[in-house]
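Spelled out from the first residue to the last, the chains are:
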Amino acid sequence: MEIRRPTWTLQQLCPECEQGDALMLCACPKCARLVAICCEEGSVFLDIHDIGEVAESSEEADCPSCGSLKLSSFVPATDVQIRQAGLRPGEYR
């Protein structure tokens with residue numbers, strides 16, 4: 001039996017693909033910085049509180065906080081990390 005951790009998404013629509021439940025919250029494994037990644041077309045939004053700024057390339061861009069890891073190595077954020085980043089219930093699901 002394989003147990004996978006849940007994935008959390010922002011409630012708002014993705015400005016790139018205009019789909020709901022598309023903005024998956026992901027965290028840097030080193031510093032826990034959160035970003036939102038569009039599951040439909042791959043855009044990475046660096047500010048989870050003000051979706052708009054898109055990283056140039058999710059494969060090559062470094063973590064905007066620690067610079068140690070590539071955005072492509074981020075993992076699904078936990079509910080604890082999401083709350084610590086300041087999101088409230090109702091802003092994500």
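The following refers to the structure shown.

Procedures and definitions
- Residues numbered from 1 in each chain as written.
- Predicted model: local features only at pLDDT ≥ 70, side-chain atom pairs only at ≥ 80, totals over all residues.
- Heavy atoms only, no water.
- Core = buried A, V, L, I, M, F, W, Y, C linked by side-chain atoms within 4.5 Å.
- Buried < 20%, exposed > 50% of the residue type's maximum accessible area, 1.4 Å probe, protein only.
- Helix = DSSP H or I, 4+ residues; strand = E, 2+ residues; numbered from the N terminus.
- Contact = heavy atoms within 4.5 Å.
- Salt bridge = Lys/Arg side-chain N within 4 Å of Asp/Glu carboxyl O.
- Pairing = 2+ DSSP bridges.
- Polar contact = N/O pair within 3.5 Å; in protein donor to acceptor, adjacent residues only side chain to side chain.
- Phe/Tyr/Trp six-rings, centres within 6.5 Å; stacked < 30°, edge-to-face > 60°.

1. Examining the nonpolar core
Leu-23, Leu-25 and Ala-36 are the most contacted members of the largest nonpolar core, which has 17 residues in total. Among the secondary structure elements, those contributing two or more residues to this core are strand 1 (23–27) and strand 2 (34–38). For Leu-25, the contacting residues outside a window of four places in its chain are Trp-8, Thr-9, Leu-10, Val-35, Ala-36, Ile-48, Val-75, Pro-76, Ala-77, Ile-82, Leu-87 and Tyr-92. Counting 11 residues, the second largest nonpolar core, distinct from the first, contains Cys-26, Ile-37, Cys-63 and Phe-74.

2. Concerning the pattern of salt bridges
With the rule as written, the count across this model stands at four salt bridges. For Asp-21, the salt bridge identified is with Arg-93, shortest N-O distance 2.4 Å. Separated by 72 residues along the polypeptide, Asp-21 in the segment before strand 1 and Arg-93 in the segment after helix 1 (79–84) bring together distant segments of the chain. The class for Arg-93 is partly exposed, based on a relative accessible area of 44%. Among the salt bridges present, the one from Lys-70 reaches Asp-62, with a minimum N-O distance of 2.9 Å. Residue classification places Lys-70 among the partly exposed residues on the basis of a relative accessible area of 36%. Judged by relative accessible area, Asp-62 falls into the partly exposed class, the value being 40%.

3. Things to note about the pairing of strand 1
Counting buried residues along strand 1, five of its five residues qualify, which places the element largely inside the surrounding structure. In strand 1, alternate side chains face the same way, and those of Leu-23, Leu-25 and Ala-27 on one face and Met-24 and Cys-26 on the other are all buried. In this antiparallel pair of consecutive strands, strand 1 and strand 2, the connection spans six residues, and Ala-32 shows a positive phi of 70 degrees.

4. A word on the side chain of Ser-43
Take Ser-43: it is sitting in the loop between strand 2 and strand 3 (44–45). In this structure the side chain of Ser-43 is engaged in a polar contact, spanning 2.5 Å, whose partner is the side chain of Glu-41. The contact partners of Ser-43, leaving out residues within four places of it in the chain, are Glu-16, Ala-36, Ile-37, Cys-38 and Val-54.

5. As for the packing of aromatic side chains
Enumeration over the complete set of coordinates arrives at one aromatic pair. Here the aromatic rings of Trp-8 and Tyr-92 are separated by 5.6 Å at their centres, their planes lie at 80 degrees, and the arrangement is edge-to-face. Taken together, the residues span a long stretch of sequence, with Trp-8 in the segment before strand 1 and Tyr-92 in the segment after helix 1 at a distance of 84 residues. Among the residues examined, Tyr-92 registers a relative accessible area of 11% and is labelled buried.

Just distances and angles here, no functional claims.
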